[in-house]
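Each chain is listed here by its residues.
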Amino acid sequence: MKGPPAAAAERANRWRRTLPLVVVGAILSVVVGFVLGSAAPPGEPPRIFVEAPEIAVAGRPLDVFVSVDVPATVRVRYADTTIEEVTQDLRVSLLAEAGTWALEVEAEDGAGRVAHEALSVRAAWPPAPRLTVSERLTVGDALTLRLAWHGDPTRVPMIPVSDAFLELDGRRLEGVVRGDDLTVLLPVPLQSEPGARTVRGVVIDAFGDEHEVLKVVTVEANPYPVQELNVAASTLAVVTPAGRELEAETLERAFAAVGPEPRWARTFVLPLEGRATSAFGLPRRYAPGGPVSYHLGTDIAAPTGTPIHATNDGVVRVAGMYPIKGGLVILDHGFGVSSLYFHQSALAVAEGDVVERGDVIGFVGSTGLSTGPHLHWEMRVDGVPTAPLAWVDRRWPGGPIERDGEDP
Ligand SMILES: [Zn+2]
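To start, this report covers the structure provided alongside it. The model shown is predicted, which means the values in this text are computed figures rather than measured ones. (Residues numbered from 1 in each chain as written. Predicted model: local features only at pLDDT ≥ 70, side-chain atom pairs only at ≥ 80, totals over all residues. Heavy atoms only, no water.)

### Concerning the overall build of the protein chain
Now for step 1: A count of helical and extended segments in the protein chain gives 3 helices and 29 strands.
Now for step 2: Sorting the 408 residues of the protein chain into buried and exposed places 46% on the buried side.
Now for step 3: Total accessible area on the protein chain is roughly 19,500 Å²; 53% of this is exposed by carbon and sulfur atoms. (Helix = DSSP H or I, 4+ residues; strand = E, 2+ residues; numbered from the N terminus. Buried < 20%, exposed > 50% of the residue type's maximum accessible area, 1.4 Å probe, protein only. Areas by Shrake-Rupley, 256 points an atom, 1.4 Å probe, with all protein chains shown as cover.)

### Points about the sheet that holds strand β8 (residues 136–138)
Sheets are built from strands that pair by backbone hydrogen bonding, the pairs being arranged parallel or antiparallel.
Now for step 1: Spatial strand order, β8-β15-β14-β10-β11: 5 strands in an open sheet with mixed pairing. Across the chains shown, the open sheet's two edge strands, defined by having one partner strand only, are β8 and β11 (171–172).
Now for step 2: Relative to strand β15 (residues 210–220), β8 runs parallel, the two sharing 3 bridges. By the bridge assignment for β15, Arg 136 is matched with Thr 218. (Pairing = 2+ DSSP bridges.)

### Remarks on the coordination of the zinc ion
Now for step 1: Here the zinc ion is held by the protein donor atoms His 295 (NE2), Asp 299 (OD), Asp 299 (OD) and His 376 (ND1), which lie 2.0 to 2.8 Å from it.
Now for step 2: Of note is the zinc ion, whose 4 donor atoms meet at the metal with angles of 52 to 156° in an arrangement that counts as irregular.
Now for step 3: One chain supplies every donor for the zinc ion, spaced along it as H-x3-D-x76-H. Separated by 81 residues along the polypeptide, His 295 in the loop between β19 (292–294) and β20 (298–301) and His 376 in strand β28 (residues 374–381) bring together distant segments of the chain.
Now for step 4: For His 295, a relative accessible area of 3% gives the class buried. (Donors = N, O, S within 2.8 Å, 3.2 Å for Na, K, Ca; no water. Tetrahedral: all angles 85-135°; square planar, octahedral: opposite > 155°, others 65-115°.)

### Some remarks on the layout of surface pockets
By rolling a water-sized probe across the atoms, one finds the places where empty space is left.
Now for step 1: There is about 1,200 Å³ of room inside the largest pocket.
Now for step 2: Taken together, 41 residues form the lining of the largest pocket, with Arg 284, Tyr 286, Ser 293, Tyr 294 and Leu 369 sitting closest to its centre.
Now for step 3: Counting only elements with at least two residues in the lining of the largest pocket, the list comes to α2 (233–236), α3 (241–257), β17 (275–278), β19, β20, β24 (337–344), β28 and β29 (384–386).
Now for step 4: Of the residues in the lining of the largest pocket, the class split is 20 nonpolar, 14 polar and 7 charged.
Now for step 5: Per-domain counts for the lining of the largest pocket show at least three residues from each of domain 2 (130–220) and domain 3 (227–391). (1 Å grid on protein atoms, 1.4 Å probe; cavity = no way out; pocket = protein on both sides within 12 Å on 5 of 7 lines; lining within 4 Å. Points joined across faces, edges and corners; volume = space filled by probe spheres on them. Nonpolar A, V, L, I, M, F, W, Y, C, P; charged D, E, K, R; others polar. Domains from an automatic or database assignment.)

### A look at the sheet that holds β19
Now for step 1: Spatial ordering of the open sheet is given by β16-β18-β19, a layout of 3 strands whose pairing is mixed. If you trace the sheet from one side to the other, it starts and ends with β16 (227–228) and β19, each paired once.
Now for step 2: Pairing analysis gives 2 bridges linking β16 to strand β18 (residues 283–285), with the strands arranged parallel. Along β18, the bridge assignment pairs Gln 227 with Arg 284.

### So, the nonpolar core
Now for step 1: Ranked by size, the top nonpolar core spans 28 residues in total, and within it Leu 185, Val 329, Val 337, Tyr 341, Ile 361 and Trp 391 carry the most contacts.
Now for step 2: Of all the elements in the fold, those that place two or more residues in this core are β22 (314–322), β23 (326–334), β24 and β28.
Now for step 3: With 4 residues, the top contributor of residues to this core is β28.
Now for step 4: Shared between two domains, this core holds at least three residues of each, these being domain 2 (130–220) and domain 3 (227–391). (Core = buried A, V, L, I, M, F, W, Y, C linked by side-chain atoms within 4.5 Å.)

### With respect to the environment of Glu 193
Now for step 1: With respect to the secondary-structure elements, Glu 193 resides in the loop between β13 (181–187) and β14 (195–205).
Now for step 2: In the structure, Glu 193 is positioned 29 residues away from Asn 222 in sequence and 9.8 Å away in space, judged by C-alpha atoms.

### Observations regarding the pattern of salt bridges
Now for step 1: Across all of its chains, the model carries 20 salt bridges by this definition.
Now for step 2: The partner of Asp 109 in a salt bridge is Arg 113, and the shortest N-O contact between them spans 3.0 Å.
Now for step 3: Here Asp 332 makes a salt bridge to Arg 317, at a shortest N to O gap of 2.7 Å. Note that Asp 332 is positioned in strand β23 and Arg 317 in strand β22, a separation of 15 residues in sequence.
Now for step 4: Linked by salt bridges that have partners in common, Arg 75, Arg 77, Glu 84, Glu 106 and Glu 108 make up one network. (Salt bridge = Lys/Arg side-chain N within 4 Å of Asp/Glu carboxyl O.)

### Some details on the packing of aromatic side chains
Now for step 1: Scanning the entire structure with this criterion turns up 4 aromatic pairs.
Now for step 2: Between Trp 264 and Phe 335 the ring centres are 6.4 Å apart and the planes differ by 65°, which places this aromatic pair in the edge-to-face class. Here Trp 264, found in the loop between α3 and β17, pairs with Phe 335, found in the loop between β23 and β24; they are 71 residues apart in sequence, far enough to count as distant. Just as Trp 264 is buried, Phe 335 falls in that class too.
Now for step 3: One Lys or Arg, Arg 172, reaches over the ring of Phe 165 and ends 3.9 Å from the middle of that ring. (Phe/Tyr/Trp six-rings, centres within 6.5 Å; stacked < 30°, edge-to-face > 60°. Lys NZ or Arg CZ within 6 Å of the ring centre and 35° of its normal.)

Structure below.
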């Protein structure tokens, strides 16, 4: 059967399909059958004028205006609400319901003649941003921030998002947008001041409205006391200004080559099973009265020749023998992340090689500034050293930032 209601429903459907979800900036109004100043002739139903937004924000007021050319009983039906009043002009504030709903208006005059109009109103939820960030960390940790603006199944449909950004103490951060979230990975340098930092996430919707979320992150001081090393002068002899300069330039070149997109999707792994002999971040003096320097990696002791594995997928940016760092490999993992492996006896990769997590990149040794066979392993973000052991078993930003099988 193809009666008028079916035709009207088909028209409404066609309209729904062609209607853009949100018209930026403006709320359009629909005017239906408005005739001014003339009373209804005998036998004619009243004439009505209805004004309502086509598109609204769910959960916020939906203002409807109805005008009739003669006094009438006016009925307004929308979602679960019905309003009835004898009047000529009716102004009502309804609550916009998410989704597409009919707004039906009826006006019945004293003679029982009825006029009827129906509009379609679409309403969507504003984005409700959520910010995931570690609230306490120590200098030398890598800080991950994730701003998400979707994923609440009770708030569908949602107004489209036109922009999103993250700030740390008012400074805008660079990040990667994937679907409905923005992720930033940030090193907290060993030298940074302990204390509170404010993270601000902002999502701007297609209406131009800003939705903000704030969190405070507390950075704690380096917990280690200064270590006094007594390294023989003959060992320190490898540290020359020329050697330092060559290595600094080499590292700079490697870090500059690290791209913005993560090259990994799986968790990071320990490059070597062995005994951790010296922790990351230790402040120490190489000679009594000398300057304090920080240990920028984790040392893992193992016999000479033990294979060393790539901590994750990446590209070899540096592979060579250097005066202080000895046999050195630097892997580029993308997203600003690089891993460094020092003091190797022999290398198994060349610059430009693409490696997968677990591939052998070289072998434990004691080359360069070293007092015994071990691997000195570093994990850097934007060239800034971070605690390597904190990366193990984590996917970090790339994929989800949390540990495998664990929700934040
Ligand atoms: Zn070391």
